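Understanding the architecture of this molecule
Below, each chain spelled out in residue letters.
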Amino acid sequence: MSNTTTVSFPTDNSGKIERAVELKNEGNEFFKVGNFKKAKTKYYTALAFTKGLPGRTNGDSMGKMASKEVYKEDELVSPEQEAFIIEFEATTKTNIATCFLKLNDAANAIECTREALLLKPNGWKAQLRQAEASIMLHYPERAVSILDAATKNAPIDDVTAHT
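Attention in this report is confined to the structure presented alongside it. None of the values given here were measured: they were computed from a predicted structure. (Residues numbered from 1 in each chain as written. Predicted model: local features only at pLDDT ≥ 70, side-chain atom pairs only at ≥ 80, totals over all residues. Heavy atoms only, no water.)

1. A closer look at the nonpolar core
- Counting residues in each nonpolar core, the largest one holds 14 residues, and the members touching the most others are Y43, I96, C99, F100, A109, C112 and A133.
- Listing elements by their share of this core, those giving two or more residues are α2 (36–50), α4 (79–102) and α5 (106–119).
- In this view, F100 contacts K40, Y44, D105, N108, A109 and C112; residues no more than four positions away in its chain are not counted.
- Membership of the second largest hydrophobic core comes to five residues, among which are A20, L23, A46 and F88. (Core = buried A, V, L, I, M, F, W, Y, C linked by side-chain atoms within 4.5 Å. Buried < 20%, exposed > 50% of the residue type's maximum accessible area, 1.4 Å probe, protein only. Helix = DSSP H or I, 4+ residues; strand = E, 2+ residues; numbered from the N terminus. Contact = heavy atoms within 4.5 Å.)

So this is what it looks like as structure tokens:
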């Protein structure tokens, strides 16, 4: 008899989204204890579960190719799921950027924030991380400009709580 553990992967959209959320939460736990490399890996794995789901309108190029295949109506991502996934991916990419910052990798942090801002253009947390990365790369003027935009996009409660 073998002692190997069988891992099952979800096959439906809801199960894939649920698994992505679980992995992101695992990443959050690694982040809390300062294990930024493992956190980053969990976040990337979480994103893998949302890429290419059938019917995605904002997926990556592989997802768009997959969405051209013929699927039954009940296999497609619903508009509600799509809205959740966009927010989820923007937040997860921002989390990855934060890990890169903690690992002193500003260039990759900027790339992740760019990807997050493509999904959520007014994502003020992604803008904050982008400003921090700009400072690390010795671009203070760019950081100030980004911070101005982030201040305009931040919820009013968050701005006044820190002033």
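2. Examining the side chain of N13
- If you trace the backbone, N13 turns up in helix α1 (residues 13–32).
- A polar side-chain atom of N13 sits 3.4 Å from the main-chain carbonyl oxygen of L76.
- In contact with N13, other than residues within four places in its own chain, are L53, P54, E75, L76, V77 and Q81. (Polar contact = N/O pair within 3.5 Å; in protein donor to acceptor, adjacent residues only side chain to side chain.)

3. Observations concerning the pattern of salt bridges
- Tallying each qualifying case throughout the model produces eight salt bridges.
- The salt bridge partner of R19 is E26, with a shortest N-O separation of 3.6 Å.
- The exposure class of E26 is partly exposed, given its relative accessible area of 28%.
- Residue K42 pairs with E26 through a salt bridge whose shortest N-O separation is 2.7 Å. Note that K42 is positioned in helix α2 and E26 in helix α1, a separation of 16 residues in sequence.
- Of the residues examined, K42 reaches a relative accessible area of 23% and is grouped as partly exposed.
- Bridged by salt links that share partners, the residues R19, E22, E26 and K42 form one connected network. (Salt bridge = Lys/Arg side-chain N within 4 Å of Asp/Glu carboxyl O.)

4. A few points about the state of the cysteines
- One pass over the structure, following the stated rule, counts zero disulfides.
- For the unlinked cysteine C112, the closest cysteine sulfur is that of C99, found at 9.1 Å.
- For C112, a relative accessible area of 5% gives the class buried. (Disulfide = S-S within 2.5 Å.)

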